[in-house]
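Reading the structure
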Amino acid sequence: MSIQIDWQAFTPISLVGGLMLGVATVILLLGIGRIAGISGIGASLLKPKKVEAWQVLFILGLVVSPVLYSLVKPLPDIEITTSLPLLIGAGLLVGFGTRLGSGCTSGHGICGNARLSPRSMAATATFMFFGIVTVYIGRHVLGLI
């Protein structure tokens, strides 16, 4: 099975978004010495000892950015075809994995690997491996995907 990329559907907005994410990550790390890991930021807001302005602004940026994007271009339609119990279970597993791995996949993949963190490299290799195994089993063994 080969994977085909639909180049006609490519839009430069994904490149711009990735660049913005990278620049924001570097500014946060070099500017105030903090890591842009959303699970850590979210956890610190849920158990606030001292909420810092940059944490609130970071979360606000995640919420406001789709609204700003929708002023320029319509947001894509989202169709969820999975049952609510399965979505809840998946969310709980993601939360458990985030706590178990001391960070989320994007935090380890973007921030941790960029800092050459051995823990993040091990976490990234682990979730990539199990993602590949899960898709293989779902597609080729169970025929679900």
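Residues numbered from 1 in each chain as written. Predicted model: local features only at pLDDT ≥ 70, side-chain atom pairs only at ≥ 80, totals over all residues. Heavy atoms only, no water.

**Brief notes about the overall build of the protein chain**
What the protein chain contains, in helices and strands, is six helices and zero strands. Counted from the first residue to the last, the protein chain has its helices and strands arranged as α-α-α-α-α-α. Principal-axis analysis of the C-alpha atoms places the extent of the protein chain at approximately 50 × 40 × 35 Å. Taking all 145 residues of the protein chain together, the buried fraction comes to 13%. Long-range contacts, defined as pairs at least 24 residues apart, comprise 31% of the intrachain contacts of the protein chain with a sequence gap of at least 6. If you sum the accessible surface of the protein chain, you get close to 11400 Å²; carbon and sulfur atoms cover 72% of it. (Helix = DSSP H or I, 4+ residues; strand = E, 2+ residues; numbered from the N terminus. Buried < 20%, exposed > 50% of the residue type's maximum accessible area, 1.4 Å probe, protein only. Contact = heavy atoms within 4.5 Å. Areas by Shrake-Rupley, 256 points an atom, 1.4 Å probe, with all protein chains shown as cover.)

**Regarding the packing of aromatic side chains**
Under the definition given, this model contains one aromatic pair. Taking 5.1 Å as the distance between ring centres and 80° as the angle between the ring planes, the aromatic pair formed by Phe129 and Phe130 counts as edge-to-face. (Phe/Tyr/Trp six-rings, centres within 6.5 Å; stacked < 30°, edge-to-face > 60°.)

**A word on a nonpolar patch on the surface**
Together, Ile38, Leu57, Leu60, Leu62, Val63, Val64, Leu68, Leu71 and Val72 give the surface a local cluster of nonpolar side chains, amounting to about 870 Å² of exposed area. A total of eight residues in the nonpolar patch trace back to one element, the largest contributor, which is helix H3 (residues 53-72). Mapped onto the elements of the fold, Val72 is located in helix H3. When its relative accessible area of 73% is taken as the criterion, Val72 is described as exposed. (Patch = residues over 30% accessible without salt bridge, like charges linked within 9 Å, V, L, I, M, F, W, Y side chains within 5 Å. Salt bridge = Lys/Arg side-chain N within 4 Å of Asp/Glu carboxyl O.)

**With respect to the packing of helix H5 (residues 105-114) against helix H6 (residues 118-141)**
Interaxial distance between H5 and H6 falls to 9 Å at its minimum, and their mutual angle equals 135°. As far as their axial angle goes, H6 and H5 are oblique. As for the relative orientation of H5 and H6, their crossing is left-handed in sense. For the pair formed by H5 and H6, the contact residues are Thr105, His108, Gly109, Gly112 and Asn113 on the first element and Arg119, Ser120, Met121, Ala123, Thr124 and Phe127 on the second. Grouping the constituent residues of the contact of H5 with H6 by class yields three nonpolar, seven polar and one charged. (Axes fitted to C-alpha atoms, helices over the stretch in contact; angles between N-to-C directions. Parallel < 35°, antiparallel > 145°, perpendicular 65-115°, else oblique. Left-handed = near helix turned anticlockwise from the far one by under 90°. Nonpolar A, V, L, I, M, F, W, Y, C, P; charged D, E, K, R; others polar.)

**Re H6**
Taking 1.5 Å as the rise per residue, H6 with 24 residues should run 34 Å; its terminal C-alpha atoms sit 33 Å apart, in good agreement. Residues of H6 that are buried include every one of Ser120, Ala123, Thr124 and Gly138, and no others. In this structure, the buried residues of H6 make contact with H5. Note on H6: the residue one or two positions beyond its end, Gly143, has a positive phi of about 65°. (Expected span 1.5 Å × (residues − 1).)

**Some thoughts on the environment of Pro48**
Along the chain, Pro48 turns up in the loop between helix H2 (38-46) and H3. Residue Pro48 is classed as partly exposed on the basis of its relative accessible area of 46%.

**Observations concerning the nonpolar core**
One finds Leu28, Ala36, Ile41, Trp54 and Cys111 forming the largest nonpolar core, which totals five residues. Apart from residues lying up to four places away in sequence, Cys111 is in contact with Thr25, Ile35, Ala36, Gly37 and Ser106. (Core = buried A, V, L, I, M, F, W, Y, C linked by side-chain atoms within 4.5 Å.)

**Describing helix H4 (residues 84-100)**
Counted at 1.5 Å a residue, the expected span for H4 with its 17 residues is 24 Å, and the 24 Å between its end C-alpha atoms agrees. Trailing H4 by a residue or two, Ser102 shows a phi angle of about 55°, which is positive.

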